[in-house]
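# Survey of secondary and tertiary structure
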Amino acid sequence: MTTAETTVFETLESNVRGYCRSWPTVFETARGSWLTDETGKDFLDFFAGAGTLNYGHNNPVLKRPLIDYLATDGITHGLDMSTVAKRRLLETIRDVLLAPRDLDYKVQFPGPTGANAVEAALKLARKITGRSTILNFTNAFHGMTLGALSVTGNAAKRAGAGVPLVHAMPMPYDGYLDEAEDLTWMRRALDDSSSGLDKPAAVIVETVQGEGGVNVARAQWLRHLAELCSARGILLIVDDVQMGCGRTGPFFSFEIAGITPDIVTLSKSISGYGLPMALVLMRRELDQWAPGEHNGTFRGNNAAFITAEVALRHYWSDDALELATAAKGERIHRHLTALTEVYDGTSTRGRGLVHGLVFEDASQATKVCRVAFEDGLLVETSGSNDEVVKLLPPLTVTDDEITHGLGILTRAVEIVRDAH
Ligand SMILES: *Cc1c(COP(=O)(O)O)cnc(C)c1O
């Protein structure tokens, strides 16, 4: 294989670049679950843009309407003006997502990234309650802007802020203390007027922590958290940027717990096509924004609205995708469980189509990803010490592709473990 020409990336692109270091090649095209580099080598994508490509790369179901829209000079940039594309999307959100689930949410279009949605959610919660503290969780990840970083756990990422990150207080996530009931401390601190904890505006939580190492909160824990918040007048924000849009099975990851968050953030796969887009959903009575109080130039990425609308209608009008995700996830879970029985010092956890293979010796996780890459599989690590190989295939992955990917992963584990 010829070595990829990467000089311009090394000499011109900032040192901040990251994924290109894990996957040292130059990609050119992509389709479905596959990327192809400029030498023609194919890579099976079990990362899916960190959960942005739930329906795969360049999915033809979404591409055709997008091309037609562009070809007929449909609005591309629309600030927050009313457009035909946005009307169709809002109607589809109402009819496909909200009405069938009895969710009475209003829809805000913030800037097009997950961090934009998180910032808007935190700001709104503070405005509504008049309180400043936000409770977050150990190992949480909510984005790179200052507000989002203040509720993020990772020390290296936090250090990048360069200023104190304030008005947030971390609480133990489910399983963090290895106790049956990890909300004990939070409940106690909230109810004790001498705990030193200021009454918070909101709690922000991921139902499965993607970046934090595929930590899975139990449905019962989420229910207890929702009850705790509601009983004390604290708003519950579910950050569904990565776990929403069907990643764990149902469209919203909190559906398995039967809870209704006050505020929900969505981004990553909401446009369905990898086009930048984000949403904040809020209970109707919480829509206390003044006109223009929060804005952003790229709130109206109408091309993303086109693919988002088609994705919702095509994939979420029935439960076929949800059932398929559960079945594929179960298969991956069984395979990973069998692998952990062969190799001690490993374990696995996950839900739907997000799974982690956890290594006690964290360095092995990075090595497994490297060997898998050489063999044509894209997987990345996550967790505080990069100890977790995270499997995040597109939801549209085929059974044959799962077989192929798990085969590469298994060989990679064998190679890394035999070398020890
Ligand atoms: C990726 C992610 C974000 C940040 O989204 P960006 O688009 O990178 O700003 C926020 N929350 C969660 C849970 C994420 O996975």
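Computed from a predicted model, the values in this text were never measured in an experiment.

### So, the site of the ligand
Around the ligand sit T113, G114, A115, F141, H142, G143, E206, D239, V241, Q242 and K268, and those are all the residues in its vicinity. Backbone polar atom of A115 to an oxygen atom of the ligand: 2.8 Å apart, as the coordinates give it. Residue D239 places a side-chain N or O atom 2.7 Å away from a nitrogen atom belonging to the ligand. In the shell around the ligand, the residues fall into three nonpolar, five polar and three charged.

### So, the packing of aromatic side chains
Within the structure shown, the criterion is met by 13 aromatic pairs. Among the aromatic residues, ring-to-ring pairing joins F251, F252, F254 and W316 into one connected group. The positively charged end of K86 is found above the aromatic ring belonging to F109, 4.5 Å away from the centroid.

### Regarding the domain arrangement of the protein
Each assigned domain of the protein is listed here: domain 1 (4-58 + 320-419) and domain 2 (74-316). On a C-alpha basis, the centres of domain 1 and domain 2 stand 26 Å from each other. In this complex, domain 1 contributes 29 residues to the contact, which on the side of domain 2 involves 31 residues. Of the roughly 2400 Å² buried between domain 1 and domain 2 on both sides combined, carbon and sulfur atoms contribute 52%. Of all residues in domain 1, the largest losses of buried area upon contact with domain 2 belong to T52, Y55 and R351, amounting jointly to 31% of the total for that side. Connecting domain 1 to domain 2 are one salt bridge. K390 is the salt-bridge partner of E211, the closest N and O atoms lying 3.2 Å from each other. Our count for the contact surface shared by domain 1 and domain 2 stands at 19 residue pairs in polar contact (both at pLDDT 80 or more). Taken together, the elements giving at least two residues each to the side of domain 1 that touches domain 2 come down to α3 (48-51), α12 (320-342), β13 (346-351), β14 (354-359) and β17 (388-391).

### A few points about the sheet that holds β14
Judged by pairing direction, the sheet is antiparallel, and its four strands sit side by side in the order β13-β14-β17-β16 without closing on themselves. Two strands lie at the open edges of the sheet, namely β13 and β16 (380-382), each paired on one side alone. Averaged over all pairs of adjacent strands, the angle between their axes in this sheet comes to 30°, without regard to strand direction. In this structure, β14 lies alongside β17, joined through four bridges in antiparallel fashion. When the sheet's bridge partners are listed, G356 is paired in β17 with K390.

About the thresholds
- Counting restarts for each chain: residues are numbered from 1 in the order of the written sequence.
- Selection of residues for local features in this predicted model requires a pLDDT of at least 70, selection of side-chain atom pairs for listing and counting requires 80 or more, and totals for whole chains, interfaces and linings are taken over all residues.
- Computation of side-chain values covers all heavy atoms of the structure but excludes hydrogens and water.
- Residues are labelled near a given molecule or strand when at least one of their non-hydrogen atoms is within 4 Å of it.
- Each polar contact in these results corresponds to two N or O atoms within 3.5 Å; when the atoms are within protein, one needs to be able to donate a hydrogen and the other to accept it, and residues that are neighboring in sequence are counted only if both atoms are side-chain atoms.
- For this scheme, ten residues count as nonpolar: Ala, Val, Leu, Ile, Met, Phe, Trp, Tyr, Cys and Pro. Four count as charged, namely Asp, Glu, Lys and Arg, and the remainder, Gly too, count as polar.
- Pairing of aromatic side chains requires ring centres within 6.5 Å, counting the rings of Phe and Tyr and the six-membered ring of Trp. Pairs whose planes differ by under 30 degrees are stacked, by over 60 edge-to-face, and all others tilted.
- In this scheme, Lys NZ or Arg CZ marks a charge over a ring once it lies within 6 Å of the ring centre and within 35 degrees of the ring normal.
- Domain boundaries shown here were taken from an automatic or database domain assignment.
- In this description, contact between two residues means that some pair of their heavy atoms is separated by no more than 4.5 Å.
- A quick way to say it: buried area is the sum, across both parts, of accessible area lost when two parts are put together, with a 1.4 Å probe.
- For this document, the term salt bridge refers to a Lys or Arg side-chain nitrogen within 4 Å of an Asp or Glu carboxyl oxygen.
- Numbering goes from the N terminus for both helices and strands, where a helix is a DSSP run of H or I of at least four residues and a strand is a run of E of at least two.
- Strands were regarded as paired on the criterion that DSSP finds at least two bridges between them.
- The axes used here are C-alpha line fits, helices contributing only the stretch in contact, and every angle between their N-to-C directions lies in the interval 0 to 180 degrees.

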